[in-house]
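Structural description and commentary
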Amino acid sequence: MSLPSKVMLVDVGPRDGLQNEKQPVPADVKIELVHRLQSAGLKRIEVTSYVSPKWVPQMADNAQVMAGIERRDDVTYSVLTPNLKGFEGALASKADEVVVFGAASEAFSQRNINCSIAESIERFAPVVEQARAAGMTVRGAISCAVGCPYEGDIAPERVALVARLMKQIGVHHVGVADTIGVGTPAKVQRAMAAALEHYDLADVSGHFHDTYGQALANTLASLELGVWQYDTSVAGLGGCPYAKGATGNVASEDVVYMLHGMGIDTGIDLDALIDAGAYISQHLGRPTQSRAAKALLNKRVVA
Ligand code: HMG
Ligand code: MG
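This report concerns the structure included in the present document. (Residues numbered from 1 in each chain as written. Chains lettered and ligands numbered in written order. Predicted model: local features only at pLDDT ≥ 70, side-chain atom pairs only at ≥ 80, totals over all residues. Heavy atoms only, no water.)

**Looking at the overall build of the chain**
Convention followed: Helix and strand labels come from DSSP, where a helix needs a run of H or I of at least four residues and a strand needs a run of E of at least two; each type is numbered from the N terminus. Restricting the calculation to C-alpha atoms gives the radius of gyration, and the globule rule supplies 2.2 Å times the number of residues raised to the power 0.38. Buried, partly exposed and exposed residues are distinguished by accessible area as a fraction of the type maximum, computed with a 1.4 Å probe on protein chains only: under 20%, between the cut-offs, and over 50%, respectively. Throughout, the Shrake-Rupley method with a 1.4 Å probe supplies accessible areas, and for residues the shown protein chains are the sole cover considered.
Across its full length, the chain holds 12 helices and 10 strands. Relative to its length of 303 residues, the chain is compact, with a C-alpha radius of gyration of 18 Å against a globular reference of 19 Å. Along the longest, intermediate and shortest principal axes, the C-alpha atoms of the chain span 55 × 45 × 35 Å. Within the span of the chain, comprising 303 residues, buried residues form 56% of the whole. Within the structure as shown, the chain displays about 12,500 Å² of accessible surface, and the carbon and sulfur contribution to it stands at 52%.

**What about the coordination of the magnesium ion (ligand 2)?**
To be explicit about the condition: Each metal's donors are the N, O and S atoms within 2.8 Å of it, or within 3.2 Å when it is Na, K or Ca, and because water is not part of the set, sites may look incomplete.
Only Asp-16 (OD), His-207 (NE2) and His-209 (NE2) from the protein coordinate the magnesium ion (ligand 2), and they sit 2.1 to 2.3 Å from it. Here the donor residues of the magnesium ion (ligand 2) are spaced in sequence according to D-x190-H-x1-H. With Asp-16 in helix 1 (residues 13-19) and His-209 in the loop between strand 9 (204-208) and helix 9 (215-224), this residue pair connects regions lying 193 residues apart in the sequence. Considered together, Asp-16 and His-209 belong to a single accessibility category, that of buried residues.

**Here we look at the pattern of salt bridges**
Operational definition: Within this document, salt bridges are pairs made up of a side-chain nitrogen of Lys or Arg and a carboxyl oxygen of Asp or Glu, the two lying within 4 Å of each other.
Applying the stated criterion to the full structure yields 12 salt bridges. The closest approach of N and O atoms between Arg-300 and Asp-271, which form a salt bridge, is 3.4 Å. Of this pair, Arg-300 sits in helix 12 (residues 291-302) while Asp-271 sits in helix 11 (residues 270-284), placing them 29 residues apart in sequence. Within the structure, one salt-bridge network assembled from shared partners comprises Arg-44, Glu-97, Arg-139 and Asp-231.

**Considering the pairing of strand 8 (residues 173-178)**
The two faces of a sheet get side chains in turn, since along a regular strand they alternate between them. Rules: We call two strands paired when DSSP finds no fewer than two bridges between them. Convention used here: a crossover is right-handed provided that the path from the first strand, over the helix, to the second strand proceeds clockwise when the strands point away from the viewer.
Of all 6 residues making up strand 8, 6 are buried, and the element is well covered by its neighbours. Going residue by residue along strand 8, you find His-173, Gly-175 and Ala-177 tucked away on one face and Val-174, Val-176 and Asp-178 tucked away on the opposite face as well. Across 5 bridges, the pairing between strand 8 and strand 9 is parallel. Of the residues in strand 9, the one forming a bridge with Asp-178 is Phe-208. Traced from strand 8 through helix 8 (residues 185-196) to strand 9, the parallel crossover comes out right-handed.

**Some details on the site of ligand 1**
Stated precisely, the cut-off is as follows: The cutoff for a nearby residue is simple: one of its non-hydrogen atoms must lie within 4 Å of the molecule or strand. Identification of polar contacts relies on pairs of N or O atoms within 3.5 Å, with a donor-acceptor requirement for protein atoms, meaning one able to donate a hydrogen and the other able to accept it, and with residues adjacent in sequence counted only if both atoms are side-chain atoms.
If you check the shell around ligand 1, you find 27 residues, and the closest are Gln-19, Asn-83, Asn-114, Ser-143 and Thr-179. Between ligand 1 and the protein, one listed contact pairs a nitrogen atom with a backbone N or O atom of Tyr-50 at 2.9 Å. Between ligand 1 and Ser-52 there is a distance of 2.9 Å, counted from an oxygen atom to a backbone nitrogen or oxygen. Within the complex, 75% of the 1,100 Å² of free accessible area of ligand 1 lies under protein. Among the elements of the structure, helix 1, helix 4 (84-92), helix 5 (106-113) and strand 5 (137-143) are those that each provide at least two residues to the shell around ligand 1.

**Thoughts on the packing of aromatic side chains**
To keep things clear, this is the line we draw: Centre distance within 6.5 Å is the pairing criterion for rings of Phe, Tyr and Trp, where only the six-membered ring of Trp is used; planes under 30 degrees apart are then read as stacked, over 60 as edge-to-face, and the remainder as tilted.
Scanning all chains against the criterion turns up 2 aromatic pairs. Relative to Tyr-242, the ring of Trp-55 has its centre 5.3 Å away and its plane inclined at 55 degrees; by these criteria the two rings are tilted. Within this pair, whereas Trp-55 is found in the loop between strand 2 (44-49) and helix 3 (62-68), its partner Tyr-242 is found in the loop between strand 10 (229-232) and helix 10 (252-261), the two being separated by 187 residues in sequence. Seen from their ring centres, Phe-208 and Tyr-230 are 6.3 Å apart, and the 45 degrees between their planes marks the pair as tilted. Residue Phe-208 is found in strand 9, and its partner Tyr-230 is found in strand 10; the two are separated by 22 residues along the sequence.

**What about helix 8?**
Threshold: In this scheme, a helix's expected span is set at 1.5 Å multiplied by one less than its residue total. The arc under discussion is defined with respect to the helix axis, by the directions toward the C-beta atoms. We call two residues in contact when some of their heavy atoms are within 4.5 Å.
Taking 1.5 Å per residue as the helical rise, helix 8 with its 12 residues ought to reach 16 Å, and the 16 Å between its terminal C-alpha atoms agrees with that figure. Regarding helix 8, the residues found buried are Val-188, Ala-191, Met-192, Ala-194 and Ala-195. Down the axis, helix 8 shows its buried residues gathered within 155 degrees of arc, on one side only. Among the structural elements, helix 7 (156-168), strand 8, strand 9 and helix 9 are those in contact with the buried residues of helix 8.

**Quick look at the nonpolar core**
As a reminder, the rule being used: Among the buried residues, those of types Ala, Val, Leu, Ile, Met, Phe, Trp, Tyr and Cys that are joined through side-chain atoms within 4.5 Å form a nonpolar core.
Membership of the largest hydrophobic core comes to 95 residues, with the highest contact counts inside it found for Met-166, Leu-273 and Ile-280. Excluding residues that lie within four positions of it along the chain, Met-166 makes contacts with Gly-102, Ile-121, Phe-124, Gly-140, Ala-141, Ile-142, Val-171, Val-174 and Tyr-199.

**Concerning the packing of helix 8 against helix 9**
Condition: Note on geometry: axes are lines fitted to C-alpha atoms, helical ones only across the stretch in contact, with angles between N-to-C directions running from 0 to 180 degrees. Our angle categories are set so that under 35 degrees counts as roughly parallel, over 145 as roughly antiparallel, 65 to 115 as roughly perpendicular, and the remainder as oblique. Take the far helix as your reference; a near helix turned counterclockwise from it by less than a right angle gives a left-handed crossing, and one turned clockwise gives a right-handed crossing. The residue classification treats Ala, Val, Leu, Ile, Met, Phe, Trp, Tyr, Cys and Pro as nonpolar and Asp, Glu, Lys and Arg as charged. All others, Gly included, are polar.
Relative to each other, helix 8 and helix 9 sit at 45 degrees, their axes nearing to 9 Å. It follows from the interaxial angle that helix 8 and helix 9 lie oblique. In this structure, the crossing between helix 8 and helix 9 has a hand that is right-handed. Seen from helix 8, the contacting residues are Pro-185, Val-188, Gln-189 and Met-192; seen from helix 9, they are Ala-217, Asn-218, Ala-221, Ser-222 and Glu-224. Residue composition of the contact of helix 8 with helix 9, by class: 5 nonpolar, 3 polar and 1 charged.

In structure tokens, the structure reads:
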């Protein structure tokens, strides 16, 4: 078994992490979170979504947040764009990368973006075309890649199908997403392998919610396949408004702690990342979901 020696993390905390918050989080707090993440060494940050503010009110300040960030040349700032209207917003905000988000489950596609899988691909096609023409990279999220809150288990063939359709319209990279965190390692490996039928190893990532406590195990199982890119969320924030009961993504701090412990390089300063997590947790008025951050913060108090 040869594991990757380096891993690239995309912190999706500002987007996936905060989209589900009921209380408005001020734009300046979101901006400060992005600043802290980039200071901690994150090179890829998913900042916000250009979606309907009626569907996801928390992301209504997308343009304000994007405008407020002091950008670094070596950081890629990505945003979600479900359709051309969203893409126009992303373009105006000078995002580096856009994310189209589809699903391996018909029912989730309908609930999340109000259209079938086939219709979603039709909507994404012009977004991908225009993004590529503008020199942006395009990632595609494949939600419910192992299980769906409405349909139950999802077969790997469904993941392969969506990956194939995304490849056909020119999406550069796909993220295999366990939206509701039900996956276990062998199932996640099968979903990953399905995406890898159509995309190279360098163009596939994992996005694991931790609802059932499986996300670190699923990350390790994916590392065993050679997958070296993961979406994680600072302080374990997150959830999708259209996947009730699903908790946050695997905490960035926990993944960094595991990887560094295995001698795998991330380029991230764990202490600074823990500080970023403490900042947003304090603002939200609840403890961090990261076990590693909790343990290391306790150690700081004792020291
Ligand atoms: P729709 O109602 O079918 O869209 O929604 P429409 O084209 O018929 O337009 C209806 C209204 O929305 C119009 O406004 C449009 O202007 C407006 P009105 O005339 O009623 O005032 N509209 C928009 N406004 C702003 N930005 C836009 C936009 N598009 C239309 N881009 C739509 C379709 C996709 C817009 C809607 O379903 C939506 O916004 N869904 C958002 C879903 C979402 O953000 N979910 C969470 C993110 S995905 C996720 O968390 C999963 C992920 O983490 C991976 C994983 O874990 O699985 C990525
Ligand atoms: Mg998610």
